[in-house]
Amino acid sequence: MSPSDAGQLLELISTSLATVEKSCETRGLNIPNLDELYHPASEAFRYGDPVAAEAADIIGAAALHLAAIFLPPQVTLYQAVGGLFKSAAIRVCLESNVTEILREAGPEGMHVDDIGTKNGQDPQKLGRFLRSLANNHIYREVKPNVFSNTRISSLLDTLKPSEQLLANLDETFKAAAYAWESLSDPTTSRSSEPTDTPLSRAMGVKGTMWEIFARPENAFRARRFNIGMRGVRALQPIDASLDAFDWKSLSDGAVVIDVGGGLGTSALPITRDFPGLRLFVQDQPSVVTEAKQLWARTMPEALESGRVVFEVQDFFKPQATSRNISVFLLKAVLHNWSDEYSVRILTNLRAAAGPDTKLVLMETIIPCTCHDPFEKERNIPGASSRQAPAPLLANFGAVADLGYQADIAASPVV
Ligand SMILES: C[S@@+](CC[C@H](N)C(=O)[O-])C[C@H]1O[C@@H](n2cnc3c(N)ncnc32)[C@H](O)[C@@H]1O
């Protein structure tokens, strides 16, 4: 009799747990409990040892896989179907600063009546949302109606005093709710126009996401997006752009254009490590203004010396052709656009490129969930993804979920 998937998954969990425990013992670390708050130190058991990191991923993926086998199918299906209630509950807690209030309450937690007194919410209604999240380990119900933060909910903490906050995050929720309306409407279902998105439908504005954000009434959304991009930056290795190209192969004075460069996330390590290069970071007016303010505080010398120039440049318009450009760098730009619009962006760059200009694209590759038999044949350097051991999904399953959700949210699908 061949071993059942369940048996193999349990075996994977126990061998991987032994690996993580051994790594922790060697490094003097502990596997954190859920009631420990999130902190870089709480995640140290996973970082700093790639073998332990992989083993931790295997445990998570195998545990979720086991849950899918042993839970009644209707329960698993409802976890997906009812996911919108979890999103709604997170939004309620985010908007009404529950995590910050619970941080101030400490590990004993706070009664939902007292949370309601602080954030002005009806305790009965708020309690429902909190309990549904506690059921998923996102908060903890310490005693009846008394909630505390967990390692998961503490990730929502802005670390500001609760009364200073004006949190908001609504457009993604609204856009997601219109996904089917957009896909079932023949005028938008196959459109590659960036104005035909569920977001545009939800906001009642025929415009791209950027045009919607650029409207005066959405100034707070634009600011929030930029804060979000800083959050994304915090999730990524700070020096990621250094590995994207052999920057030292460029001679002093070489020009690098960071197209749609945002707040200069990619430009920062390049400027720091390669002072001979000249960087032009291009974006839309509001982003350029914010980026200049940020760099004036953090890297004033780079701005004053002209090593880094932030400039307004619409990537759908022609580039200056007089610059003898060595590299066009685009990080996390093309994923926002349909193929048709990506070709338009790249065509403008091609027109300004010389025979030796290099194009560097930094994007996240979203792998299949199954093993891809052609991956080896394609042999694209840097593009192959790590493969989880069978019977896990090849991509480590739900452990990799963030990428798939970002793929929906950042693409013109939502
Ligand atoms: C997802 S962000 C990536 C930012 C940056 N490359 C990074 O990785 O931090 C996409 C950027 O494209 C910019 N953008 C959108 N439409 C643009 C346009 N028409 N011209 C220039 N930049 C644009 C946005 O303002 C935003 O900063």
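Residues numbered from 1 in each chain as written. Predicted model: local features only at pLDDT ≥ 70, side-chain atom pairs only at ≥ 80, totals over all residues. Heavy atoms only, no water.

J.: Talk me through the sheet that holds strand β6 (residues 308-312); I want residue IDs and the actual numbers.
T.: Two modes of strand pairing occur in sheets, parallel and antiparallel, and in both the strands are linked by backbone hydrogen bonds. Taken together, the five strands give an open sheet; going across it, the order is β6-β5-β4-β7-β8, and neighbouring strands pair in parallel fashion. Edge strands, defined here as strands with exactly one partner in the open sheet, are β6 and β8 (358-362). Strand-to-strand twist in this sheet, taken as the mean axis angle between neighbours without regard to direction, amounts to 20 degrees. Bridging between strand β7 (residues 325-331) and β8 involves five bridges; their strand directions are parallel. Note on β8: the bridge partner recorded for L330 is L361. The strands that helix α14 (residues 285-298) touches are β5 (278-283) and β6; relative to β6, the one it contacts most, it runs at about 155 degrees. Packing against the sheet, helix α16 (residues 339-352) makes contact with β7 and β8, and its axis sits at approximately 170 degrees to β7. (Pairing = 2+ DSSP bridges. Helix = DSSP H or I, 4+ residues; strand = E, 2+ residues; numbered from the N terminus. Axes fitted to C-alpha atoms, helices over the stretch in contact; angles between N-to-C directions. Contact = heavy atoms within 4.5 Å.)

J.: An account of the site of the ligand is requested, with residue identities and associated values reported.
T.: Neighbouring the ligand are 17 residues, the closest being G260, D283, D314, F315 and K331. Within the side chain of Q284, a nitrogen or oxygen atom sits 3.1 Å from an oxygen atom of the ligand. K331 places a main-chain nitrogen or oxygen 2.7 Å from a nitrogen atom of the ligand. For the shell around the ligand, the class distribution of residues is seven nonpolar, seven polar and three charged. (Near = heavy atom within 4 Å. Polar contact = N/O pair within 3.5 Å; in protein donor to acceptor, adjacent residues only side chain to side chain. Nonpolar A, V, L, I, M, F, W, Y, C, P; charged D, E, K, R; others polar.)

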